[in-house]
Amino acid sequence: MSDLDKKRAQMATGAGFIAALDQSGGSTPKALGLYGVDASVFDTEDEMFAEIQKMRERIILAPDFDQSKVIGAILFERTLAEQIKGKTVADYLWDDCGVVPFLKIDKGLEDIADDCQVMKPMPGLEDVLASAAQGGVFGTKERSVIHAANAAGIEAVVAQQFDVARVVIAAGLVPIVEPEVNINSDSKAEAEVILKEALMAHVGRLNADQNVMLKLTIPEMPGLYDELADHPRVMRVVALSGGYSTDEACARLSENSKMIASFSRALTEGLQRDMADADFDAALGQNIGKIYQASVA
């Protein structure tokens, strides 16, 4: 079996979850703050990204970070140029951890319109995708946000997501379509029902050789997205933690047997830069264990 076939099989049926290690320019300062790194520690963007890369490397090198529980990891674009033990991060993940690498490709969000935020333009996307595929990346992740149950806004989000997904598929990669529903929305449950119908419609228009993954906020109605998970064009449905604590995210995920986790904040909860390595590894291992159990529940 080729490496590509192994990656495809692992993402389609593997037991475990996807680690979201794709903090970008907008989310990195907050992630570093939670990790105990104050903004006064760095003066430039390069220094900031160097700090977050140290955190990512520490996570990846931890003993519990391997394919027995973590089947994939999402990276930020700058991370592809970094190395761990003399290998690119993508190669190290797959060769040494057995973890399938993905790449975050969106460039952030437009202002709110119709209660939703579509993605900003992605100039040079085809070149980014070609480079990623050559570097061993299996797929991409691209995020939009839904703030309320506005059918027009939700359709605009989903339509754009699938336009980008087709470009990703044409480059030989598997897109993770991520139309996040804000967990603080007053109409979260209603928005999720509208989103599910929009996703079913767009998934139904894919050709037989076009497959996607979906990254969705854990729904208020358990099992809401089961029909999507069973669709032949959907490789996997994964859940974002969306700001829930690790325990709450895992409890909610456990009620959705056809979703696995793709957590970021819930994965790194409680980790601190100044921890001794043994304490850091133990805290991370505890989070990984909880998220794994919720993903296979």
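As the structure is a computational prediction, the values presented were derived from the model and not from experiment.

Quick notes on the rules
- Residues numbered from 1 in each chain as written.
- Predicted model: local features only at pLDDT ≥ 70, side-chain atom pairs only at ≥ 80, totals over all residues.
- Heavy atoms only, no water.
- Helix = DSSP H or I, 4+ residues; strand = E, 2+ residues; numbered from the N terminus.
- Rg over C-alpha atoms; globule rule 2.2 N^0.38 Å.
- Buried < 20%, exposed > 50% of the residue type's maximum accessible area, 1.4 Å probe, protein only.
- Contact = heavy atoms within 4.5 Å.
- Areas by Shrake-Rupley, 256 points an atom, 1.4 Å probe, with all protein chains shown as cover.
- Lys, Arg positive; Asp, Glu negative; His and termini not counted.
- Charge placed at Lys NZ, Arg CZ, Asp CG, Glu CD.
- Axes fitted to C-alpha atoms, helices over the stretch in contact; angles between N-to-C directions.
- Left-handed = near helix turned anticlockwise from the far one by under 90°.
- Nonpolar A, V, L, I, M, F, W, Y, C, P; charged D, E, K, R; others polar.
- Parallel < 35°, antiparallel > 145°, perpendicular 65-115°, else oblique.
- Salt bridge = Lys/Arg side-chain N within 4 Å of Asp/Glu carboxyl O.

K.L.:
Can you walk me through the overall build of the chain in this structure?
P.N.:
A count of helices and strands for the chain gives eleven helices and eleven strands. Relative to the globule expectation of 19 Å for 297 residues, the C-alpha radius of gyration of the chain, 18 Å, shows essentially globular dimensions. In the chain, which comprises 297 residues, the proportion classed as buried is 53%. Here the contacts in the chain between residues at least 6 apart in sequence split such that 73% fall between residues at least 24 apart. Here the chain displays about 12,200 Å² of accessible surface, and carbon together with sulfur accounts for 48% of that area. Looking at charge distribution, the chain has the averaged site of its 28 positive side-chain charges lying 3 Å from that of its 46 negative ones.

K.L.:
What is the right way to look at the packing of helix α6 (residues 151–170) against helix α7 (residues 188–203) in this model?
P.N.:
Two packed helices can be described by the angle between their axes and the distance between those axes. It is the contact of α6 with α7, at a shortest axis distance of 10 Å, that shows an interaxial angle of 35°. In this structure, α6 crosses over α7, and the sense of that crossing is right-handed. For the pair α6 and α7, contact is made by A151, I154, E155, V158, A159 and F162 and by A191, I194, L195, A198, L199, H202 and V203, respectively. Per-class residue counts for the contact of α6 with α7 are eleven nonpolar, one polar and one charged.

K.L.:
Explanation requested: the packing of helix α9 (residues 246–254) against helix α11 (residues 277–296) in the structure shown.
P.N.:
Where α9 meets α11, the closest approach of the two axes is 8 Å, and the angle between their N-to-C directions is 15°. As judged from the angle between their axes, α9 and α11 are roughly parallel. Pair α9 / α11 crosses with left-handed handedness. Counting all contacts with α9, which are made through T246, D247, C250, L253 and S254, the residues of α11 involved are N287, K290, I291, A294 and S295. When grouped by side-chain class, the residues that make up the contact of α9 with α11 number four nonpolar, four polar and two charged.

K.L.:
Looking at this model, I keep getting lost on unusual backbone geometry. Mind explaining?
P.N.:
Residues apart from glycine generally show negative phi values, whereas peptide bonds are mostly found in trans. A positive phi angle is found at D114, which is not glycine, with a value near 50°. Locating D114 in the fold gives a position in the loop between β5 (100–104) and β6 (116–117).

K.L.:
What should I look at first to understand the pattern of salt bridges in this one?
P.N.:
Two side chains of opposite charge can pair, provided their charged atoms sit close to one another. One pass over the full model with this rule turns up 22 salt bridges. A salt bridge links E45 to R78, with the shortest nitrogen-to-oxygen separation between them at 3.7 Å. Of this pair, E45 sits in helix α3 (residues 45–60) while R78 is found in the loop between β2 (70–75) and β3 (83–84), placing the two residues 33 residues apart along the sequence. Given a relative accessible area of 35%, R78 falls into the partly exposed group. Between K196 and E227 there is a salt bridge whose closest N-O contact spans 2.8 Å. On the criterion of sequence distance, the pair formed by K196 in helix α7 and E227 in helix α8 (residues 226–229) is long-range, its members being 31 residues apart. Look at K196 and you get buried, because its relative accessible area is 11%. Here the salt bridges share partners, and the residues they tie into one network are K188, E192, E220, E248 and R252.

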